[in-house]
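# A structural walkthrough
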Amino acid sequence: MQKLICPIQHYLWGKEGDSSLVSQLKKAVNDQYENNLPFAELWMGTHPNGPARLHPHGQLLTDYLANNSLFLGKHEKGGLEFLFKVLSVGKPLSIQAHPTKEQAIVLHRIKPNEYPDDNHKPEMAIALTDFELLCGFKLAEDIKTTLFRLPELLEALDVVQVNSIGKFENPDVDPLKKVFCAVLEGHSTTMPAIIRRICDRLNGEEVASLTDTEKLILRLDKLYPGDVGVLIGATFLNHFTLKQGESVFLGPNVPHAYLDGDCIECMACSDNTIRAGLTPKYKDIETLKANLHYDMTGPIKFAPEDKKDHILYKPRVKEFAVIKYDKNAKVLNNVGAASILVVIGGSATIMGSTEVTLSRGEVLLAPATESSPKITDISDDFLCYRAYKPGNEN
Ligand SMILES: [Zn+2]
């Protein structure tokens, strides 16, 4: 078993200073940073944009695994196929979706600067604190109710189409797609002025009289003035908060944005993001229009399995599953694959081929060859997450 040194991403939406869990975890292992940038993400994996290294001498984990293939399970393709992260979200991330594998291959070939990988990016977020997000399309009635409360926007749309949202009278025309794309297409022309007029009106009203959607419009506009994501996010997408331990799984082409809180995230090893709004970065409107899933579902959470001494989050993807351990953990169950563990709270000792004591902030690579080592000396506040590639469990 090997402890790892894992890099930070200082994206601008990250939490600042000690309010960031990512910063707290780094400080707990005496990894000091001399800058005042936000601490957004801790990356635990081998992606070239933020590769982990072995503690203490700094060898790249990628090279180490290439030279120690016995560390991997038989079903693993020469390295880690997932990217494991801790996120501390201080302000909303871009509204985004991720491509399928087939779409990713094409996008990477046509626009390699925007799409750095030829891989898909299914992802799962597990809340560590209250975790607020936008995810998937609202139910049809909710979208229509919201749109009819925004006359400034409604007058720029086809009202017949708006009324038809949720009714598929013509199988070739999805009214939601028509209306949504009309808003998206106005991102640099009509929408900034419409957002301005909406916000001017809402700012003149009593705060107590505003709906949650209207409050969200004002909040998003303060951070990203005039950005089309203000309307897309508040009007069309489900807005909800996960409690600690609750999770969402995001398959391809589901629009989403994380707004606030800390979470564990796991995904296929890829950095491919198709952005729709709430960002100064490139918005790929044409790709979104062509690919997005327009299912109106309301909020959908992902249900983990209670395995008595651990909780298993295993979505239907080949690349990753995540296990949560707390003070009730007894063994590091045999997953038949290389795995990465991160300790969010407390400490414990793993009695494997080597005995390793892990405490808050530490990250460990456990090889596939470790078969169910005991976990002892567990503190009451122990909280640890572990990612691996499923398919070879015992
Ligand atoms: Zn995403």
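No experiment lies behind these values; they were computed from the predicted model shown. (Residues numbered from 1 in each chain as written. Predicted model: local features only at pLDDT ≥ 70, side-chain atom pairs only at ≥ 80, totals over all residues. Heavy atoms only, no water.)

This part is about the overall build of the chain. Within the chain one finds 11 helices and 21 strands. Once the C-alpha set of the chain is aligned to its principal axes, its extents read approximately 70 × 45 × 40 Å. Contacts spanning at least 24 positions in sequence make up 77% of the contacts within the chain whose residues lie at least 6 apart. Entry remark: accessible area of the chain is about 16900 Å², with carbon and sulfur atoms responsible for 51%. Taking the average location of the 43 positive side-chain charges in the chain and that of its 51 negative ones, the two points are 2 Å from each other. (Helix = DSSP H or I, 4+ residues; strand = E, 2+ residues; numbered from the N terminus. Contact = heavy atoms within 4.5 Å. Areas by Shrake-Rupley, 256 points an atom, 1.4 Å probe, with all protein chains shown as cover. Lys, Arg positive; Asp, Glu negative; His and termini not counted. Charge placed at Lys NZ, Arg CZ, Asp CG, Glu CD.)

Our focus in this paragraph is the packing of helix α8 (residues 191-203) against helix α9 (residues 212-223). One way to put it is that α8 packs onto α9 with a least axis distance of 10 Å and a crossing angle of 120°. Regarding α8 and α9, the two cross each other, and that crossing is left-handed. Along its contact with α8, which presents Ile195, Arg196, Ile198, Cys199, Leu202 and Asn203, the element α9 presents Glu214, Ile217, Leu218 and Asp221. When grouped by side-chain class, the residues that make up the contact of α8 with α9 number 6 nonpolar, 1 polar and 3 charged. (Axes fitted to C-alpha atoms, helices over the stretch in contact; angles between N-to-C directions. Left-handed = near helix turned anticlockwise from the far one by under 90°. Nonpolar A, V, L, I, M, F, W, Y, C, P; charged D, E, K, R; others polar.)

What follows covers the coordination of the zinc ion. Binding of the zinc ion to the protein goes through Gln96 (OE1), His98 (NE2), Glu123 (OE) and His256 (NE2), at separations of 2.1 to 2.5 Å. Taken together, the 4 donor atoms surrounding the zinc ion define angles of 85 to 160° at the centre, an arrangement classified as irregular. For the zinc ion, all donor residues lie on one chain, and their spacing in sequence is Q-x1-H-x24-E-x132-H. With a gap of 27 residues between them, glutamine 96 in strand β6 (residues 95-97) and glutamate 123 in strand β7 (residues 123-127) connect regions that are remote in the sequence. (Donors = N, O, S within 2.8 Å, 3.2 Å for Na, K, Ca; no water. Tetrahedral: all angles 85-135°; square planar, octahedral: opposite > 155°, others 65-115°.)

Moving on, we get to the environment of leucine 139. With respect to the element layout, leucine 139 can be found in the loop between β8 (131-137) and α4 (140-148). Linking leucine 139 and asparagine 238, residues 99 residues apart in sequence, is a C-alpha distance of 8.4 Å.

Looking now at the nonpolar core. Counting residues in hydrophobic clusters, the biggest one holds 50 residues, and the most contacted among them are Phe137, Leu147, Leu153, Val183 and Phe236. Among the nonpolar cores identified, the runner-up in size contains 38 residues, and Phe39, Leu42, Leu61 and Ala338 belong to it. (Core = buried A, V, L, I, M, F, W, Y, C linked by side-chain atoms within 4.5 Å. Buried < 20%, exposed > 50% of the residue type's maximum accessible area, 1.4 Å probe, protein only.)

Looking now at the pattern of salt bridges. Applying the stated criterion across every chain, the model contains 22 salt bridges. Here aspartate 262 makes a salt bridge to lysine 15, at a shortest N to O gap of 3.1 Å. Taken together, the positions of aspartate 262 in strand β11 (residues 256-268) and lysine 15 in the loop between β2 (8-9) and α1 (21-28) put the pair 247 residues apart, joining distant regions of the chain. Note on accessibility: aspartate 262 and lysine 15 belong to one class, buried. Between arginine 201 and glutamate 152 there is a salt bridge, with its nearest N and O atoms 2.5 Å apart. Of the two residues, arginine 201 sits in helix α8 while glutamate 152 sits in helix α5 (residues 151-154), which places them 49 residues apart along the sequence. The exposure class of arginine 201 is partly exposed, given its relative accessible area of 25%. Judged by relative accessible area, which is 7%, glutamate 152 ranks as buried. (Salt bridge = Lys/Arg side-chain N within 4 Å of Asp/Glu carboxyl O.)

This part covers the packing of aromatic side chains. Within this structure, the stated rule accounts for 8 aromatic pairs. Between phenylalanine 180 and phenylalanine 236 the ring centres are 5.2 Å apart and the planes differ by 90°, which places this aromatic pair in the edge-to-face class. Here the residue phenylalanine 180 occupies a position in helix α7 (residues 175-185), and phenylalanine 236 occupies one in helix α10 (residues 229-236), the gap between them amounting to 56 residues. Three or more aromatic residues link up through ring pairs in this structure, and these residues are Phe137, Phe180, Phe236 and Tyr294. Over the ring of tyrosine 224 we find lysine 91, and its NZ or CZ is 5.4 Å from the ring centre. (Phe/Tyr/Trp six-rings, centres within 6.5 Å; stacked < 30°, edge-to-face > 60°. Lys NZ or Arg CZ within 6 Å of the ring centre and 35° of its normal.)

On to the domain arrangement of the chain, then. Taken domain by domain, the chain comprises domain 1 (2-135 + 241-279), domain 2 (137-237) and domain 3 (326-388). The centre of domain 1, based on its C-alpha atoms, is set 30 Å off from the matching centre of domain 2. Facing 13 residues of domain 1, the contacting portion of domain 2 comprises 14 residues. Here domain 1 and domain 2 share an interface that buries about 1200 Å² over both sides, 70% of which is from carbon and sulfur atoms. Linking glutamate 132 and arginine 219 is a salt bridge whose minimum nitrogen-to-oxygen distance equals 2.8 Å. (Domains from an automatic or database assignment. Buried area = accessible area lost by both parts, 1.4 Å probe.)

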